[in-house]
Protein chains: 2
Amino acid sequence: MAQQKKRVEDITSMDVDFAQWYTDVVKKAELADYSSVKGCMVYEPYGYAIWENIQREMDTRFKKLGVQNVCMPLLIPEGLLQKEKDHIDGFAPECAVVTQGGGEELSEKLYIRPTSEVLFCEHYQKKIHSYRDLPKLYNQWCSVLRWEKTTRPFLRGMEFLWQEGHTMHETAEEAQEFTLKMLRVYEEVYRDALAIPPVVGKKTEKEKFAGAEATYTLEPMMHNGVALQGGTTHYFGDGFAKAFGITFTGRDNQLHTPLQTSWGMSTRLVGAVIMVHGDDNGLVLPPRIAPVQVVIVPIAQHKPGVLEKAAELRDRLSEKFRVKLDDSDNSPGWKFAQYEMQGVPLRIEIGPKDIENGQCMLARRDNGDKWPAPLEDLENTITAVLDVIHDSMLHKAQENMDQKTHVAHDHEEFLDIAKNKPGFIKAMWCGDSACEDKLKEETGGVKSRCIPFEEEHISDVCACCGKPAKHMLYWGRQY
Amino acid sequence: MAQQKKRVEDITSMDVDFAQWYTDVVKKAELADYSSVKGCMVYEPYGYAIWENIQREMDTRFKKLGVQNVCMPLLIPEGLLQKEKDHIDGFAPECAVVTQGGGEELSEKLYIRPTSEVLFCEHYQKKIHSYRDLPKLYNQWCSVLRWEKTTRPFLRGMEFLWQEGHTMHETAEEAQEFTLKMLRVYEEVYRDALAIPPVVGKKTEKEKFAGAEATYTLEPMMHNGVALQGGTTHYFGDGFAKAFGITFTGRDNQLHTPLQTSWGMSTRLVGAVIMVHGDDNGLVLPPRIAPVQVVIVPIAQHKPGVLEKAAELRDRLSEKFRVKLDDSDNSPGWKFAQYEMQGVPLRIEIGPKDIENGQCMLARRDNGDKWPAPLEDLENTITAVLDVIHDSMLHKAQENMDQKTHVAHDHEEFLDIAKNKPGFIKAMWCGDSACEDKLKEETGGVKSRCIPFEEEHISDVCACCGKPAKHMLYWGRQY
């Protein structure tokens, strides 16, 4: 039985203004707040708890692959940053720079890390001597800073939280394989933890990371059809390793240069969760990363035995789930709206009549279904229901993406879709970056997202220039 | 049967040079490395894994008390830092200052956080309106930076990792109680996770945190008798709250100012673990925070079935413990020395004869005991042995502290002990900070550690000036 949906006050409707809806949800659910530091935000408890759960899902998977966590310094001396030319050119203009310390002017500027390639390379240079020291599979959880005056919570800001993995390998094959392995791990996190189906593939030459030989990307589609670049893995070849003089004695007793990868995902994932799953009543959180998976709302809680039974149920369920009992003196109606807005996947209602019947009411956040369930064996029921909610959310997100993915056979059709239909465009491409530039300009911002691993054959020619096609590309606007 | 201890090469003996022993252990066990950023270190995988395990022990306990994690910005605008006068006076001289960003000179300097009181207060000012908003129990895991050119891994450095809790309460009683509650949580982490018995008590007026009304401290004794200030909790009263204009409407419908606490522990705890438990063979890690709790070393691993059985054992034990199997082609003797140096609490040796007899050999790192154990039910055996190791390490650390804690009845005895016996001194004190200054100067660095909660009566008069005594103090040198 589907519950009638009421719009929550203070939250703008998605269809009216998606950007304002996003801001309202972030504020109302107390996920993040602005600070007096322009471009920096405060991650509030509920928002940070989502990130902690995502971290755990990622970190567990990293460790199973033998990845080890480390922590590098926050500051990079100017001389070190300059060692790789593309790198300093790309990052220096967007860095925050420390010029004073301990009350004195510094003789060498220190950059707050925008990313830590050079710090990892400096360390690896000291630690890698023989093929026996390889592979090195290091990861770091930290914040990085890139100068930016506007803040869009979780999506754009000066400082953001992320993980950055940096690995060194004996052979190019092994490094390339690892780059793809991490891409698969990221995809698994998207699908199995966040209930989000991303488009996955390789970036074009134009869109790849400066200095990388190949960049792979994960691009989930937000509810409004816009893409979020939400995770990349890079194969670096030996560019950095050569710049830093990293060598090792191989099995053949000769000196070799190791091959490098890097890969990162950030708090943008929280933004993706909000924008893929949310609705006009607020957040809808996937069960595996929801800070509260089950909220218990007592009905007629002033009646004898209700709060005791509700507390007993909380204690019992807390052994297996993240549970909250709201026994405040707010009305049940207020509580329903509150936890809907916070996106708690499952609500339990329990009142005098339920207790008499040895049951409770369950209500799903994602689709509003509500039904009675026996208290006996409730753990197994909840486990099953949370899995169903996850699968159902993944399916719904996939449907939205399918509906908003359009095929363009030629130039005219491409421009027509770009103008009139939000979402992704699948179209053929000749391989020339000039066509990427042209389509971006003509459409006011539609860019190539990636070359998927399984390309479809849509036509024989490029949807821009009409020359013979080399690849099928996904195209779309982005955050 | 106690195993004969061999000194490990490359590690200076503790008795010869404790400081060099410490540096050697950190380097040889690959816990941390120096970086090209003066004053900053690299936390290597093995050292960082110890910190992650300590974090988990702490974070789990925090969350049980209802503490919520958040993340505040890295940078503090100068104007914000200036809001509390003692605070800016205390910290500004030791800050790193950002004066350039995005390629331009900034109009307002940004300080890299040396601690985050002002950021929490700014946020609380926006969030606290009513007694219903209290208490706020926030914590942050992050790194902070205080200008310092020398690095002593884990003990002293420009950047270090820590947690900082900042809470706001409705009444002074509640805040004071919470300050002591967190002190007890810290003590529990010391005893139950690190197997370290700290001296716990209140700091004197002279030694308390600038701006705090009361500071409590945990002071474990290192093996050489020197104290480590290894955790503090502060009761702030309403000083910061007033400076930031934080008020709330109370139950009486009047405006009130909330009462504040803060509390922090850092990666110094890793230093404490090294210096309390280590020996001339390297690290000795307490089982509950050891990255590897059990290492399996196959004997005669070329013989058929040995490696298979060892791998089977690893898979089986990994369900319950953090296990490593070393099946490299190094000799068993090399492996024994390696994992002793890394402080792995328990070693399992398994060879053809053991397999035949359905047993393995167990060897304890902390005392060298070695004995055969049946493979059947090995999980329970290991669980019990790890607990015994923990208790035994705690006991040994307590014994060391007891042996190196001396009673001084008068001034002469105090000076004699300070000169000739490393360790803590228990002595009476009049309550005047002039006596603290005098004793520190006369002894070249012996400072008051704390007033313990259970004071003994050693004499009627101050061990410095001879005036009537108010308290018994612990005294000692410190890192």
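Criteria and thresholds
- Residues numbered from 1 in each chain as written.
- Chains lettered and ligands numbered in written order.
- Predicted model: local features only at pLDDT ≥ 70, side-chain atom pairs only at ≥ 80, totals over all residues.
- Heavy atoms only, no water.
- Helix = DSSP H or I, 4+ residues; strand = E, 2+ residues; numbered from the N terminus.
- Rg over C-alpha atoms; globule rule 2.2 N^0.38 Å.
- Buried < 20%, exposed > 50% of the residue type's maximum accessible area, 1.4 Å probe, protein only.
- Contact = heavy atoms within 4.5 Å.
- Areas by Shrake-Rupley, 256 points an atom, 1.4 Å probe, with all protein chains shown as cover.
- Lys, Arg positive; Asp, Glu negative; His and termini not counted.
- Charge placed at Lys NZ, Arg CZ, Asp CG, Glu CD.
- Least-squares fit on C-alpha atoms with pLDDT ≥ 70 in both.
- Domains from an automatic or database assignment.
- Buried area = accessible area lost by both parts, 1.4 Å probe.
- Salt bridge = Lys/Arg side-chain N within 4 Å of Asp/Glu carboxyl O.
- Polar contact = N/O pair within 3.5 Å; in protein donor to acceptor, adjacent residues only side chain to side chain.
- Nonpolar A, V, L, I, M, F, W, Y, C, P; charged D, E, K, R; others polar.
- Pairing = 2+ DSSP bridges.
- Axes fitted to C-alpha atoms, helices over the stretch in contact; angles between N-to-C directions.

Peer 1: Please explain the overall build of chain A as it appears in this structure.
Peer 2: Scanning chain A from terminus to terminus reveals 14 helices and 23 strands. A compact globule built from 479 residues would reach a C-alpha radius of gyration of about 23 Å, and chain A, at 25 Å, matches this within 12%. A buried classification covers 59% of the 479 residues belonging to chain A. In chain A, the share of contacts with a sequence separation of at least 24, taken over all contacts with a separation of at least 6, comes to 69%. Accessible area of chain A: about 19400 Å², with a carbon and sulfur share of 47%. When the 58 positive and 73 negative side-chain charges of chain A are each reduced to one mean point, those points stand 1 Å apart.

Peer 1: Would you mind going over the relation of the copies chain A and chain B with me for this structure?
Peer 2: Each of the two copies of the chain can be brought onto the other by a rotation about an axis and a shift along it. You can overlay chain A on chain B at an RMSD of 0.0 Å; the transform is a turn of 180° with a shift of 0.0 Å along its axis. A rotation of that kind, with that shift, is consistent with a two-fold axis. Minimal C-alpha separation from the rotation axis in chain A is found for V98 of chain A, amounting to 2.1 Å. With an isologous cut-off of 70% or more, the 100% of interface residues of chain A that recur at the interface of chain B puts this contact in the isologous class.

Peer 1: Honestly, the domain arrangement of chain A in this entry has me stumped. Any pointers?
Peer 2: The extent of an interface is frequently quoted as the accessible surface area lost upon association of the parts. Residues and elements named next belong to chain A. Here chain A is partitioned into domain 1 (18-277), domain 2 (294-384) and domain 3 (405-476). Between the C-alpha centres of domain 1 and domain 3 the distance comes to 28 Å. Each partner contributes to the interface: domain 1 provides 20 residues, whereas domain 3 provides 17 residues. For the pairing of domain 1 and domain 3, the buried interface totals around 1400 Å² over both sides, and the portion due to carbon and sulfur atoms is 65%. Among the residues of domain 1 in contact with domain 3, V199, T204 and K206 are the three that bury the most area, contributing 34% of the side total. Summed over the shared surface of domain 1 and domain 3, the number is 3 salt bridges. Here E207 and K447 are joined by a salt bridge, their closest N and O atoms 3.8 Å apart. Run the count over domain 1 and domain 3 and you get 5 residue pairs in polar contact (both at pLDDT 80 or more). The set of elements that each furnish at least two residues to the side of domain 1 that touches domain 3 consists of helix 6 (172-193), strand 9 (199-202) and strand 10 (214-219). Take the side of domain 1 that touches domain 3: its biggest share by element is 4 residues, from strand 9. Each residue belonging to the side of domain 1 that touches domain 3 can be placed in one class, and the counts come to 8 nonpolar, 6 polar and 6 charged.

Peer 1: Which parts of the structure should I look at to understand the pattern of salt bridges?
Peer 2: Think of it this way: side chains of opposite charge can pair up when their charged atoms draw near. Evaluated as defined, the whole model comprises 60 salt bridges over all chains. Between D326 of chain A and K335 of chain A there is a salt bridge; the shortest N-O distance is 4.0 Å. The pair D326 of chain A / K335 of chain A is uniform in exposure class, with both members buried. For E456 of chain B, the salt bridge is made with K426 of chain B, and the minimal N-O distance between the two is 2.7 Å. Here the residue E456 of chain B occupies a position in the loop between strand 22 (447-452) and strand 23 (471-476), and K426 of chain B occupies one in strand 21 (residues 424-429), the gap between them amounting to 30 residues. Shared partners join several salt bridges into a network, and the residues in it are E340, R347, E349 and K370 of chain A.

Peer 1: Explanation requested: the sheet that holds strand 21 of chain B in the structure shown.
Peer 2: Working definition: the strands of a sheet are paired by backbone hydrogen bonds and lie parallel or antiparallel to each other. All names here are of chain B. Taken together, 11 strands build an open sheet; the order of strands is 3-7-8-14-11-10-9-22-23-21-20 and the sheet is mixed. Across the chains shown, the open sheet's two edge strands, defined by having one partner strand only, are strand 3 (68-69) and strand 20 (405-407). Here 2 bridges tie strand 9 (residues 199-202) to strand 22, and the two strands are oriented antiparallel to one another. From the neighbouring strand, G201 faces strand 22, where its bridge partner is P452. Relative to strand 14 (residues 259-266), helix 6 (residues 172-193) is tilted by about 10°, and along the sheet it contacts strand 7 (136-145), strand 8 (159-169), strand 9, strand 10 (214-219), strand 11 (232-237) and strand 14.

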